[in-house]
Amino acid sequence: MKLNKKAVLVAGSLFVCSMVFAQEQTVQRKSSSATKAESSVEDEYLSDVDGVVILSLAQSDEYDNKLVAMQFLESAVDGGNTSPEVMQALNQLAGEGINTQARTNGRLVNNFPDIRRRACLLLGKVKTEESKNYLVSVALAENEPMVIAAAVNSLGEIGINKNDEVVDAISFANRRNQILNPTSSLAFEVLDAYEKLAETTSNKKIIIDSVSKIAADYHYVTPVRTKAFKLMKTLSDSPSSGSSKNNGSAK
């Protein structure tokens, strides 16, 4: 009889302990969920604040502020943040001094090619129609070869080429530069972009004409002209109309 009473007491104790443990677990789960929710809200808020701050820095007249904005933008895009504020700041910096001009006594005071170059390269990581459109506008308006080269590089990375719009823009930009200031580094990026966009190009004559001009121009270094000859051979060996059905899609 005494043994039975002890067994009952032990079972009761175990039951009470299990109830207390279950309650503690429930409280901990609720607390954890609440913490995560608060953390998510806080992260979202800070992300929005970051976008506003970055845009403010990008729109500043100070070169140093633009450099800081560029550093923030690189971290933001690498972290997957492509908010409207981030994209507006990127577009602002990619066209700084070209599409967006500030003058003092008639003198252009915001011509920062290095900033534009970095912004163009970063836009290549944001593979959207908006990024493509802005890079096309930069390639057509820009006069610095290193910035054009960055824009062309990113257009190749994005891979969108509806109605051959992108290869048309690249061909125009390179042709203009070839006449005024033939630059091997730009020609190399042009050839690289053509390789990436060839499958989405309906009228390959655009590419072939541009590549042949690079191959025959001795202003360019030998490795660039050799790359052009190899690309011409690749294009001539490929079916002329095999890619039209893929036109407009990103690789």
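One can find the structure itself at the top, above this paragraph.
Residues numbered from 1 in each chain as written. Predicted model: local features only at pLDDT ≥ 70, side-chain atom pairs only at ≥ 80, totals over all residues. Heavy atoms only, no water.

A. The arrangement of the overall build of the protein chain in detail. Assigned secondary structure in the protein chain consists of 10 helices and 2 strands. The linear arrangement of helices and strands in the protein chain, starting from the amino end, is α-α-α-β-β-α-α-α-α-α-α-α. Of all 251 residues assigned to the protein chain, the portion counted as buried reaches 40%. Across the protein chain, contacts joining residues at least 24 apart in sequence account for 69% of those joining residues at least 6 apart. Carbon and sulfur atoms provide 56% of the accessible area of the protein chain, an area that totals close to 14000 Å². (Helix = DSSP H or I, 4+ residues; strand = E, 2+ residues; numbered from the N terminus. Buried < 20%, exposed > 50% of the residue type's maximum accessible area, 1.4 Å probe, protein only. Contact = heavy atoms within 4.5 Å. Areas by Shrake-Rupley, 256 points an atom, 1.4 Å probe, with all protein chains shown as cover.)

B. How the structure looks around the packing of helix α3 (residues 84-94) against helix α4 (residues 113-123). Viewed as axis vectors pointing N to C, α3 and α4 meet at an angle of 135°, and their least axial separation amounts to 7 Å. The orientation of α3 relative to α4 falls into the category oblique. When the axes of α3 and α4 are compared, the crossing they make is left-handed. In this structure, α3 contributes M87, L90, N91, L93 and A94 to the contact, and α4 contributes I115, R116, A119, C120, L122 and L123. A class-by-class count of the residues in the contact of α3 with α4 yields 9 nonpolar, 1 polar and 1 charged. (Axes fitted to C-alpha atoms, helices over the stretch in contact; angles between N-to-C directions. Parallel < 35°, antiparallel > 145°, perpendicular 65-115°, else oblique. Left-handed = near helix turned anticlockwise from the far one by under 90°. Nonpolar A, V, L, I, M, F, W, Y, C, P; charged D, E, K, R; others polar.)

C. Broad picture of the nonpolar core. Within the largest apolar cluster, 59 residues are counted, with the highest numbers of intra-cluster contacts made by L73, L90, L93, C120, I170, Y194 and I214. With 8 residues, helix α6 (residues 145-158) is the largest single contributor of residues to this core. Excluding anything up to four places from it in sequence, L90 contacts M70, L73, V77, A119, L122 and L123. (Core = buried A, V, L, I, M, F, W, Y, C linked by side-chain atoms within 4.5 Å.)

D. Molecular detail of the pattern of salt bridges. Applying the stated rule across the entire model yields 11 salt bridges. Residue K196 is joined to E157 by a salt bridge in which the shortest nitrogen-to-oxygen separation is 2.4 Å. Within this pair, whereas K196 is found in helix α8 (residues 184-197), its partner E157 is found in helix α6, the two being separated by 39 residues in sequence. For D209, the salt bridge is made with K205, and the minimal N-O distance between the two is 2.7 Å. Taken as a pair, D209 and K205 lie in helix α9 (residues 205-215) at a separation of 4 residues, close to a single helical turn. Salt bridges sharing partners connect three or more residues here, namely E129, K132, K162 and E165. (Salt bridge = Lys/Arg side-chain N within 4 Å of Asp/Glu carboxyl O.)

E. Region of interest: unusual backbone geometry. A positive phi angle, near 55°, is found at N163, a position not held by glycine. Among the residues examined, N163 registers a relative accessible area of 68% and is labelled exposed. Even without being a glycine, D164 presents a positive backbone phi close to 60°. Along the polypeptide, D164 turns up in the loop between α6 and α7 (165-180). Note on D164: relative accessible area 6%, which makes it buried.

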